[in-house]
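Close look at the chain arrangement
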Amino acid sequence: MAKPSSSFACSQCGAVHPKWAGRCDACGGWNTLIEAAPLTSGAGARTLGGARGKQITLSTLTTEETAPVRAISGMVEFDRVLGGGLVPGSAILLGGDPGIGKSTLLLQVAARFARAGHESLYISGEEAPAQVRMRALRLGLTDAPLRLGAETSLRDILTTLDAERPALAIIDSIQTLWADMVEAAPGSVSQVRAACHELVSFAKRTGTSVILVGHVTKDGQIAGPRVVEHMVDTVLYFEGERGHQFRILRAVKSRFGPADEIGVFEMTGAGLAEVPNPSALFLSERGQAAPGSAVFAGIEGSRPVLTEIQALVAPSTLASPRRTVVGLDSGRVSTILAVLESRCSIPFAGLDVFLNVAGGMKVSEPAADLALAAALLSAREDIALPADLVLFGEISLSGALRPVGQSENRLKEAQKLGFSQAIAPERTKAEPGEGIKLRKVPDLVTFVGEMFGAG
Ligand code: TYD
Ligand code: MG
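Predicted, not measured: the structure shown is a model, and the values here were computed from it.

Moving on: the site of ligand 1. As a structural note, the neighbourhood of ligand 1 is formed by 17 residues, with Gly 99, Lys 102, Ser 103, Thr 104 and Gly 271 the closest of them. A distance of 2.6 Å separates an oxygen atom of ligand 1 from a polar side-chain atom of Thr 104. Those elements that place two or more of their residues in the shell around ligand 1 are helix H2 (102-115), helix H3 (129-139) and strand S11 (262-268). In terms of residue class, the shell around ligand 1 is built from five nonpolar, eight polar and four charged.

So, in structure tokens, the structure goes:
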């Protein structure tokens, strides 16, 4: 009988390779592949043999049961990202760079749940209870009936959870856990997988919701959260730029709610504060109308969010000019530069291009294409767009503008924030409200002609 052979997993992107290599083919990371023992050990027969298994019971979709009652933390931004509260028995992974504020967020969330009467445990493998208590003091949470533990042994944690059966258990972080049945160092792919697997099955079995913290790592020795994303119900990432106080909690996978939902927070001296109106925040630093700035009316999850896209175009001294993109998809930017070049005859060769989304926001919607092109053109031509203008629309390779979803919501949000003009693709189905003028444009060439007076 063949032994189940081990494979090699990339600690950065989670891709699995049959052989070790110096470089991960999937993400290009160097020295990131780590040997991962198979999840199940024991006899690894290639076929199941002749013995019959027992027949499983099949059921239908009709049900008498009502949807499970979700636990609400009262932290609106957090509850919304979960799709309206915490589903009992769900397993949630919270990933993010070290120091971004994961422990702070979860301590605040756990305290809210505890105060709302849901028994909560916070188990830290990284900090001693005294350190967690100090943080709680700083956050003004010392009165919350939250219980703390400092432990890294998976066996002891599961025994404790099984005896306590809390409504919510927070494990900070999966990389510090040590499962004694796996012979590998804590933080390795096999350890992280085994610990996650056990905790997820515990959640399913008992109805305790489990939130696991996973640090995003660049170092090959420690497995990142990507290697366990497939095991959990919900994957959240806590993002933010260093130097910015804004933090965005994004649901990248969600079995019980909409994906791509975001919650916006601000890191303050007393912990994370919720930002109920992100558009106002992202646009708050906008000054006078300046060349290279365009406001995009976007949708994040279920909510419209306006962001400012900033572009700078400058003569380049390099043989292959710079394309520096922050907060946008760089592939998308290259496509739009190519469309501008070949459909509108506006060359960007010999020019450095810098693009940025203000406030540290990440925009991945194709609907941002038009605003992106507008920012690029405005920077290149050194002509400022009107300060009260928002844009949205997808650009196709032919240069035509394609309508995007939820146009009405985008316009409503723009109007609410005092914008009085909008430009959108021709076939946009939306009736703008009273205070906003909607101009519909069929293609990029027409747009360039109207805005910048040249085709
Ligand atoms: P932390 O939650 O420890 O990050 P993580 O668990 O993701 O590694 O957050 C650490 C950062 O947050 C640290 O740089 C200090 C900052 N911070 C504040 O600005 N205000 C606060 O009230 C707290 C508790 C932390
Ligand atoms: Mg932490």
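What follows deals with the packing of aromatic side chains. Scanning the entire structure with this criterion turns up three aromatic pairs. Between Phe 246 and Phe 282, the aromatic rings sit 6.0 Å apart at their centres with planes inclined by 90°, giving edge-to-face as the arrangement. Of this pair, Phe 246 sits in strand S10 (residues 246-254) while Phe 282 sits in helix H6 (residues 278-283), placing them 36 residues apart in sequence. Phe 282 matches Phe 246 in its accessibility class, with the two residues each being buried.

Across the sheet, which stays open at both edges, the seven strands sit in the order S15-S16-S14-S13-S17-S20-S21 with mixed pairing between neighbours. Both edges of this open sheet fall to strand S15 (323-326) and strand S21 (437-441), since each of them pairs with a single strand only. Pairs of neighbouring strands in the sheet enclose a mean axial angle of 25°, with direction left out of account. Inspection of the sheet shows strand S14 (residues 303-315) paired to strand S16 (residues 351-357) by seven bridges, in the antiparallel sense. What sits directly across from Pro 315, in S16, is Leu 351. Sheet contacts for helix H8 (residues 369-381): strand S13 (293-300), S14, S16, strand S17 (389-391) and strand S20 (421-425); angle to S14, the most-contacted strand, approximately 30°. In the packing of helix H9 (residues 407-416) onto the sheet, the strands contacted are S13, S14, S17, S20 and S21, and the crossing angle to S13 comes to about 125°.

Below, the discussion takes up the packing of H8 against helix H10 (residues 444-452). The contact between H8 and H10 brings their axes to 11 Å, and the two run at 45°. As summarised for this structure, H8 and H10 are arranged oblique, according to the angle between their axes. When the axes of H8 and H10 are compared, the crossing they make is right-handed. Listed contacts from H10 to Leu 370, Ala 373, Ala 374, Leu 377, Ser 378 and Glu 381 of H8 are Leu 444, Phe 447, Val 448 and Phe 452.

Here helix H7 (residues 330-343) crosses H8 at 65°, and the two axes come no closer than 10 Å. Our pair here, H7 against H8, has a crossing hand that is right-handed. Contacts between H7 and H8 involve Arg 332, Val 333, Ile 336, Leu 337 and Leu 340 on the former and, on the latter, Asp 369, Leu 372, Ala 373, Leu 376 and Leu 377. For the contact of H7 with H8, the per-class residue count stands at eight nonpolar, no polar and two charged.

Further remarks concern helix H4 (residues 154-164). Every α-helix winds through 3.6 residues per turn, so residues three or four apart in the chain are directed the same way. Of the positions making up H4, those classed as buried are Leu 154, Ile 157, Leu 158 and Leu 161. In a view along the axis of H4, the buried residues occupy a sector of 95°, so they form one face of it. Projecting away from the buried face of H4 at angles above 90 degrees are the exposed residues Thr 159 and Ala 163. Following H4 by one or two positions, Arg 165 has its phi on the positive side, about 45°.

A separate point is the state of the cysteines. Within the structure shown, the criterion is met by zero disulfides. Cys 10 takes part in no disulfide bond, and the closest cysteine sulfur to it belongs to Cys 13, at a distance of 3.7 Å. Judged by relative accessible area, Cys 10 falls into the buried class, the value being 0%.

With that settled, the discussion passes to the side chain of Ser 293. For Ser 293, the location among the structural elements is in strand S13. Under the relative-accessibility criterion, Ser 293 is labelled buried at 13%. Separated by 2.9 Å, the side chains of Ser 293 and Glu 308 make a polar contact. Among residues more than four places away in sequence, those in contact with Ser 293 are Arg 286, Glu 308, Ile 309, Ser 378 and Leu 385.

Glancing now at the confidence of the model for the chain. Scored by pLDDT, the chain has a mean of 89; 95% of the residues are at 70 or more. The weakest mean pLDDT in the chain belongs to strand S3 (residues 33-36) at 81; the strongest belongs to strand S18 (residues 394-395) at 97.

What follows deals with the nonpolar core. Phe 348, Leu 355, Leu 376, Leu 391, Leu 444 and Phe 447 are the most contacted members of the largest nonpolar core, which has 66 residues in total. Residues in contact with Leu 444, not counting those within four places in the same chain, are Val 339, Leu 340, Cys 344, Leu 370, Ala 373, Ile 395, Gly 399 and Leu 401. Grouped together as the second largest cluster of nonpolar side chains are 35 residues, Leu 93, Ala 195, Val 232 and Tyr 237 included.

A separate point is unusual backbone geometry. In this structure, the amide linkage connecting Asp 172 to the following residue, Ser 173, adopts the cis form with an omega of 5°. Within the fold, Ser 173 resides in the loop between strand S7 (168-172) and helix H5 (189-206). Notably, Ser 345 is not glycine yet its phi reads approximately 55°, a positive angle. Within the secondary structure layout, Ser 345 lies in the loop between H7 and S16. Looking at Ser 345, the relative accessible area reads 58%, which means it is exposed. For Asp 382, which is not glycine, the phi dihedral falls at a positive 60°. Tracing the chain through its elements places Asp 382 in the loop between H8 and S17.

Looking at the secondary structure, you find Thr 206 in helix H5. Engagement of the side chain of Thr 206 in a polar contact is seen with the backbone nitrogen of Thr 208, the distance being 3.3 Å.

Taking 1.5 Å per residue as the helical rise, H5 with its 18 residues ought to reach 26 Å, and the 26 Å between its terminal C-alpha atoms agrees with that figure. Summarising burial for H5: 13 of the 18 residues are buried, a large majority. Gly 207 sits one or two residues past H5 and shows a positive phi near 90°.

So, how was this worked out
- Residues numbered from 1 in each chain as written.
- Chains lettered and ligands numbered in written order.
- Predicted model: local features only at pLDDT ≥ 70, side-chain atom pairs only at ≥ 80, totals over all residues.
- Heavy atoms only, no water.
- Near = heavy atom within 4 Å.
- Polar contact = N/O pair within 3.5 Å; in protein donor to acceptor, adjacent residues only side chain to side chain.
- Helix = DSSP H or I, 4+ residues; strand = E, 2+ residues; numbered from the N terminus.
- Nonpolar A, V, L, I, M, F, W, Y, C, P; charged D, E, K, R; others polar.
- Phe/Tyr/Trp six-rings, centres within 6.5 Å; stacked < 30°, edge-to-face > 60°.
- Buried < 20%, exposed > 50% of the residue type's maximum accessible area, 1.4 Å probe, protein only.
- Pairing = 2+ DSSP bridges.
- Axes fitted to C-alpha atoms, helices over the stretch in contact; angles between N-to-C directions.
- Contact = heavy atoms within 4.5 Å.
- Parallel < 35°, antiparallel > 145°, perpendicular 65-115°, else oblique.
- Left-handed = near helix turned anticlockwise from the far one by under 90°.
- Arc of directions from axis to C-beta.
- Disulfide = S-S within 2.5 Å.
- pLDDT = per-residue confidence, 0-100.
- Core = buried A, V, L, I, M, F, W, Y, C linked by side-chain atoms within 4.5 Å.
- Expected span 1.5 Å × (residues − 1).

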